[in-house]
Amino acid sequence: MKQQETNKITEQDKMFMREAIRLADESVKNGGGPFGAVIVKDGKIIAGRSNSVTINNDPTAHAEVNTIREACRLLGTFDLSDCVIYTSCEPCPMCLGAIYWARIGRIYYGNTRYDARDINFSDDFIYEEMERPIPQRAVPLIPLLHEEAIHTFRLWTEKADKTEY
């Protein structure tokens, strides 16, 4: 897809983003974080969720992850390459990773990560950590039992009837 094509914003795009923003507003009213997202396929909203980290006591329950989980469940697939996500805020590193793993083809976002930082939702420390060499990271990342663990990767490589992703 040409970059020029991705810059065309339609009234339908605005409608989908407004739904993500509405979900974010609703989340704030219900005690969740100020984030919402929708996933669209063939011009229709397939899934829409908000942030429920504090509601569910789940640090991975960001709006984008919740929405990806719902879309995958409803569509019966882990491959959302024919979908688009609209999210009320620029995705954090975890959500961006989930979007890439789900193969979503396009991301529209409302607020920036800097807007989020301004209300004390800062992802900067994660971006900074990922750039540091492993021995210099704040949370130790320690290799353990590699020789035993590699066995599972060999099993995967040899398995003829695996579902690749």
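Coordinates for the structure precede this section.
(A) Examining the overall build of the protein chain more closely. Helix and strand content of the protein chain: eight helices and four strands. Taken from the N to the C terminus, the helices and strands of the protein chain come in the order α-α-β-β-α-α-β-α-β-α-α-α. Counting the 165 residues in the protein chain, one finds 32% classified as buried. For the protein chain, long-range pairs separated by at least 24 residues make up 48% of all intrachain contacts whose partners lie at least 6 apart in sequence. For the protein chain, the computed accessible surface area is about 11,300 Å², with 55% contributed by carbon and sulfur atoms. Taking the 20 positively charged and 25 negatively charged side chains of the protein chain as two groups, their mean positions are separated by 4 Å.

(B) The arrangement of the pairing of strand β4 (residues 106-111) in detail. As judged from the five bridges shared by strand β3 (residues 83-89) and β4, these two strands associate in the parallel manner. What sits directly across from Tyr-86, in β4, is Tyr-108. Handedness of the β3-helix α5 (residues 93-102)-β4 crossover: right-handed.

(C) Expanded view of the packing of aromatic side chains. Under the defined criterion, the tally for this structure stands at five aromatic pairs. Here the aromatic rings of Phe-16 and Tyr-86 are separated by 5.2 Å at their centres, their planes lie at 55 degrees, and the arrangement is tilted. One end of the pair, Phe-16, is in helix α2 (residues 11-29); the other, Tyr-86, is in strand β3, and 70 residues separate them in sequence. With respect to class, Phe-16 is no different from Tyr-86; both count as buried. On the numbers, 5.0 Å between centres and 85 degrees between planes, the contact of Phe-35 with Phe-121 is edge-to-face. On the criterion of sequence distance, the pair formed by Phe-35 in the loop between α2 and β1 (36-41) and Phe-121 in the loop between α6 (113-118) and α7 (124-131) is long-range, its members being 86 residues apart. You can call Phe-121 partly exposed: its relative accessible area is 35%.

(D) How the structure looks around a nonpolar patch on the surface. A contiguous nonpolar patch, built from Phe-78, Trp-101, Trp-156 and Tyr-165 and spanning about 540 Å² of accessible area, is present on the exposed surface. Residue Phe-78 is classed as partly exposed on the basis of its relative accessible area of 38%.

(E) Expanded view of the side chain of Lys-162. Checked against the element boundaries, Lys-162 lands in the segment after α8 (146-158). The side chain of Lys-162 sits in the buried core without any salt bridge; Glu-164 is the nearest counter-charge, 4.3 Å away. Among the polar contacts made by the side chain of Lys-162, one reaches the main-chain carbonyl oxygen of Trp-156 at a distance of 2.8 Å. At a separation of 3.2 Å, a polar atom in the side chain of Lys-162 contacts the main-chain carbonyl oxygen of Thr-157. For Lys-162, the residues in contact, after removing those within four places along its chain, are Trp-156 and Thr-157.

Cut-offs and rules
Residues numbered from 1 in each chain as written. Predicted model: local features only at pLDDT ≥ 70, side-chain atom pairs only at ≥ 80, totals over all residues. Heavy atoms only, no water. Helix = DSSP H or I, 4+ residues; strand = E, 2+ residues; numbered from the N terminus. Buried < 20%, exposed > 50% of the residue type's maximum accessible area, 1.4 Å probe, protein only. Contact = heavy atoms within 4.5 Å. Areas by Shrake-Rupley, 256 points an atom, 1.4 Å probe, with all protein chains shown as cover. Lys, Arg positive; Asp, Glu negative; His and termini not counted. Charge placed at Lys NZ, Arg CZ, Asp CG, Glu CD. Pairing = 2+ DSSP bridges. Right-handed = clockwise from strand over helix to strand, strands pointing away. Phe/Tyr/Trp six-rings, centres within 6.5 Å; stacked < 30°, edge-to-face > 60°. Patch = residues over 30% accessible without salt bridge, like charges linked within 9 Å, V, L, I, M, F, W, Y side chains within 5 Å. Salt bridge = Lys/Arg side-chain N within 4 Å of Asp/Glu carboxyl O. Polar contact = N/O pair within 3.5 Å; in protein donor to acceptor, adjacent residues only side chain to side chain.

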